[in-house]
Amino acid sequence: MYSNEAVAMNKIDEFEDTFESMLAKKEQYDRSYYQLELPLVSDDEYDALKGNVREYARNMGYDIPDETLHYLDTKDAVRHPSRMYSLACATSADKEKLRPLFKRKNRVIAEAKLDGVAINIIYLNDKLANAVTRGDHFKGESMLGKISRLENVPATESLHLDVYEVRGEVVISKERLAALNAERKAQGKPIYKTGRNAVAALLRSNDNEALAKAGCEFVVYGMGTGKEIFSDHKSMMGFLSARWTVTAALDELNWSDPIENTFNSVKETRDSYPYEID
């Protein structure tokens, strides 16, 4: 008969074995997606696996870095002025799965999550200074040479602060992706299966004009350092929308609101969005 301690240790071992197996599979999918540009599974299956890995990691007290950090050149890693968190992503209308989020915040901003690559744009004294991948949330790789060439990224701003961060996703519209894939097909090159796949590949290109030539855009979802000067998310996004392309907030929700209505609205209208969404 096993002692309670032995049973507990066996469960921990099983837990860690499952986690290691999922992590190995995720590494395989990450490499194929970001380095080889050949996704092995559908986006839904890939995202589900990443979600499971994050949940296991959270339960075990591990910190899993952004998968793009491993497949972009990180020899010149740049530290974010403030930690760059991943956006919380709801994949169902099950309120219980969202309970941890509402434990951290009384109200949350709900919006369609664009399927692109997250970038933190840093301004020093109102001048564009850097554009950094999320990486491990504390540091990432500079993509300034490519991001600064996007039409909707201003070289100067007007917040009059020593340092601030504008955060968003680099995306490519469905229309632009179709045109890019038509061009690649004509050249005998493999097509990109998703917009996120295309953006990740273009970020790794040696051509600093690659993102701009493909028609990629930067869409803002918030700020890091600097957001404290605004009274709330709405006023911050209102200010940014004067010069930036910003995401459209659908609802500001608290726990008692009918969250499923917002989720179902996005689900029903997702095909009408100009960009792919998670």
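Residues numbered from 1 in each chain as written. Predicted model: local features only at pLDDT ≥ 70, side-chain atom pairs only at ≥ 80, totals over all residues. Heavy atoms only, no water.

1. Topic: the packing of aromatic side chains
The description of an aromatic ring pair rests on the distance of the ring centres and on the angle between the ring planes. Enumeration according to the criterion identifies four aromatic pairs in this entry. With 5.9 Å between their ring centres and 65° between their planes, Phe-218 and Trp-244 make a pair best called edge-to-face. Of the two residues, Phe-218 is situated in strand 7 (residues 217–223) and Trp-244 in the loop between helix 9 (233–240) and strand 8 (245–246); the sequence distance between them amounts to 26 residues. In this structure Phe-218 comes out as buried when scored by relative accessible area, which is 0%. Judged by centre distance (5.6 Å) and plane angle (45°), the ring pair of Phe-230 and Phe-239 falls under tilted. Here the aromatic residues Tyr-123, Tyr-164, Phe-218 and Trp-244 are joined through ring pairs into a cluster of three or more. (Phe/Tyr/Trp six-rings, centres within 6.5 Å; stacked < 30°, edge-to-face > 60°. Helix = DSSP H or I, 4+ residues; strand = E, 2+ residues; numbered from the N terminus. Buried < 20%, exposed > 50% of the residue type's maximum accessible area, 1.4 Å probe, protein only.)

2. Structural notes on the nonpolar core
Ranked by internal contacts, the top residues of the largest apolar core, which has 36 residues, are Ile-121, Ile-147, Val-153, Leu-211, Cys-216, Phe-218 and Trp-244. Among the secondary structure elements, those contributing two or more residues to this core are strand 3 (117–124), strand 4 (127–133), strand 6 (163–171), helix 6 (174–186), helix 7 (195–204), helix 8 (210–214), strand 7 and helix 9. Per-element tally for this core: the top contributor is helix 7, with six residues. Discounting chain neighbours no more than four positions away, the residues touching Ile-147 are Ile-119, Ile-121, Ala-131, Val-153, Val-170, Leu-203 and Leu-211. (Core = buried A, V, L, I, M, F, W, Y, C linked by side-chain atoms within 4.5 Å. Contact = heavy atoms within 4.5 Å.)

3. Considerations on the confidence of the model for the protein chain
Put simply, the protein chain has an average pLDDT of 82, and 82% of its residues get 70 or more. Low pLDDT, under 50, characterises residues 1–12; the predicted model gives this stretch one contact beyond four residues in sequence or across chains. (pLDDT = per-residue confidence, 0-100.)

4. Quick notes on the pattern of salt bridges
Where charged atoms from two side chains of opposite charge approach closely, those side chains can pair. Applying the stated criterion across every chain, the model contains four salt bridges. The shortest N-O distance in the salt bridge between Glu-165 and Arg-167 comes to 2.9 Å. This pair shows no difference in class: Glu-165 is buried, exactly as Arg-167 is. In this structure, Lys-213 engages Asp-207 in a salt bridge whose closest nitrogen and oxygen atoms are separated by 2.5 Å. The exposed category is assigned to Lys-213, whose relative accessible area is 61%. (Salt bridge = Lys/Arg side-chain N within 4 Å of Asp/Glu carboxyl O.)

5. Notes on the environment of Arg-204
By secondary structure assignment, the location of Arg-204 is in helix 7. Classification of Arg-204 by relative accessible area gives partly exposed; the value is 24%. The sequence separation of Arg-204 and Met-143 amounts to 61 residues, and the corresponding C-alpha distance is 9.2 Å.

6. Section: the sheet that holds strand 4
Taken in spatial order, the five strands of this open sheet run 4-3-6-7-8, and their pairing is mixed. The open sheet has two edge strands, strand 4 and strand 8, and neither has a second partner. Summarising the sheet, strand 3 and strand 6 pair through eight bridges and their orientation is antiparallel. Residue pairing for strand 6: Tyr-123 is matched across the bridge by Tyr-164. Contacting strand 3 and strand 6, helix 7 crosses the sheet at an angle of about 50° to strand 3. Running over the sheet, helix 9 touches strand 6, strand 7 and strand 8 and is turned about 150° from strand 7. (Pairing = 2+ DSSP bridges. Axes fitted to C-alpha atoms, helices over the stretch in contact; angles between N-to-C directions.)

7. Considering helix 6
If you check helix 6, its first and last C-alpha atoms are 18 Å apart, about what 13 residues at 1.5 Å a residue would give, namely 18 Å. Of the residues making up helix 6, those classed as buried are Leu-177, Leu-180, Asn-181 and Arg-184. In a view along the axis of helix 6, the buried residues occupy a sector of 100°, so they form one face of it. Away from its buried face by more than 90 degrees, helix 6 exposes Glu-175 and Ala-186. Taken together, the buried residues of helix 6 touch helix 7 and helix 8. (Expected span 1.5 Å × (residues − 1). Arc of directions from axis to C-beta.)

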